[in-house]
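# Breakdown of the fold
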Amino acid sequence: MTSQLPITAVNTITLTTPLLSIDRDVEDLTVPLLQILLKRKTIRDFSDRHLSLETLSHLLWSACGINRPEEAHRTNPSARNWQEIDVYVAMEQGLYLFDPHTFTLHLLQEKDLRAKTGTQDFVPHVPVNLIYVADLAKMEEGEMDEQAFYAALDTGFISQNVYLFCAAAGLATVVRGLLDRPELAKAMNLRPNKQIIVTQSVGYAAD
Ligand SMILES: Cc1cc2nc3c(=O)[nH]c(=O)nc-3n(C[C@H](O)[C@H](O)[C@H](O)COP(=O)(O)O)c2cc1C
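Residues numbered from 1 in each chain as written. Predicted model: local features only at pLDDT ≥ 70, side-chain atom pairs only at ≥ 80, totals over all residues.

## Brief notes about the overall build of the chain
Looking only at helices and strands, the chain features five helices and nine strands. Beginning at the N terminus, the succession of helices and strands in the chain can be written as β-α-α-α-β-β-β-β-β-β-α-β-α-β. Expressed as a percentage of its 207 residues, the buried residues of the chain come to 37%. Here the contacts in the chain between residues at least 6 apart in sequence split such that 75% fall between residues at least 24 apart. (Helix = DSSP H or I, 4+ residues; strand = E, 2+ residues; numbered from the N terminus. Buried ≥ 20, exposed ≤ 12 C-beta atoms within 10 Å, placed from the backbone. Contact = placed C-beta atoms within 7 Å.)

Pasting the structure below:
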């Protein structure tokens, strides 16, 4: 099934859940990991082809979806299991927040903020720009330097999950530190205890 994302923004996008059933035969999900690692790479030339809802769903589940529902643990490891990294999704139709628990995307702004997520030429036109944001309120037990260190480290795991999914699914991706964080935080109306770590573009490679 390749249902397309709605062109008009809706308040809640329910993501498709084929990977989430624990009853599903694991064989169905098996892709040779070494082959994926061989293909993992950064690509910066994107076409304007959009991702289907199914592909976006799998991408987000791979990034930091819940793989053990009984304890709400995820595909990414997390320091002290703080699970402090939120994934925001900037698309043409708006800015969304990914909720791994309900497996939905919540519309925050019906505005195209993609151009604010980075300074490179391709950024405004990539179908999906992920924004990794640390919720420092979830890390209060940690010292400030510990918070910064683990927020960056935890983001790295999520970003690598995205890289691996993209390699497996034939998508192009680039994680990006080149961005104006204060400007993006302002555009997203983020509170001061929410800290943007990096962004990551995902789409299809240009031919
Ligand atoms: C933390 C981090 C920040 C990065 N920032 C950018 C960036 O802002 N723009 C960009 O084009 N690539 C960025 N990259 C991608 C690297 O340039 C890329 O991973 C590197 O050149 C190695 O290429 P490879 O991923 O294909 O192995 C970043 C990578 C990391 C890990």
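We are not done yet, so read on.
## With respect to the packing of helix 3 (residues 53-64) against helix 4 (residues 144-169)
Contact pair helix 3 / helix 4: the axes reach a minimum separation of 7 Å and the direction vectors enclose 140°. Here helix 3 lies oblique to helix 4, going by the angle between them. The way helix 3 lies across helix 4 gives a crossing that is right-handed. Contact residues: T55, H58, L59, S62, A63 and C64 in helix 3; I158, N161, V162, F165 and A169 in helix 4. Along the lines of polarity and charge, the residues of the contact of helix 3 with helix 4 split into seven nonpolar, four polar and no charged. (Axes fitted to C-alpha atoms, helices over the stretch in contact; angles between N-to-C directions. Parallel < 35°, antiparallel > 145°, perpendicular 65-115°, else oblique. Left-handed = near helix turned anticlockwise from the far one by under 90°. Nonpolar A, V, L, I, M, F, W, Y, C, P; charged D, E, K, R; others polar.)

## Comments concerning the site of the ligand
In the vicinity of the ligand, the contacting residues are K41, T42, R44, Q120, V174, V175, R176, G177, L178 and V198. For the shell around the ligand, the element with the most residues is strand 8 (residues 172-176), which contributes three residues. For the shell around the ligand, the class distribution of residues is four nonpolar, three polar and three charged. (Near = placed C-beta within 6 Å.)

## Brief notes about helix 3
Every α-helical turn comprises 3.6 residues, leaving residues that sit three or four positions apart pointing alike. Counted at 1.5 Å a residue, the expected span for helix 3 with its twelve residues is 16 Å, and the 17 Å between its end C-alpha atoms agrees. Of all twelve residues in helix 3, ten are buried; the element is thus mostly enclosed. For helix 3, the set of buried residues is T55, L56, S57, H58, L59, L60, W61, S62, A63 and C64. The secondary structure elements touched by the buried residues of helix 3 are strand 3 (73-74), strand 4 (85-91), strand 5 (94-99), strand 7 (128-135), helix 4 and strand 9 (194-203). (Expected span 1.5 Å × (residues − 1).)

## Examining unusual backbone geometry
Phi is positive for R80, which is not a glycine, with a value near 50°. Mapped onto the elements of the fold, R80 is located in the loop between strand 3 and strand 4. Classification of R80 as partly exposed rests on a count of 13 C-beta atoms within 10 Å. For N81, which is not glycine, the phi torsion reads 50° and is therefore positive. Tracing the chain through its elements places N81 in the loop between strand 3 and strand 4. According to the C-beta neighbour criterion, N81 is exposed, with 12 such atoms within 10 Å.

## A closer look at the nonpolar core
By size, the foremost hydrophobic cluster in this structure holds 45 residues, and its most contacted members are V87, Y88, V89, Y132 and V162. When residues of this core are traced back to their parent elements, those giving at least two are helix 3, strand 4, strand 5, strand 7, helix 4 and strand 9. Among the elements that make up this core, the one with the highest residue count is helix 4 (seven residues). Apart from the residues within four sequence positions on either side, Y88 is in contact with L95, Y96, L97, I131, V133 and M188. (Core = buried A, V, L, I, M, F, W, Y, C linked by C-beta atoms within 7 Å.)

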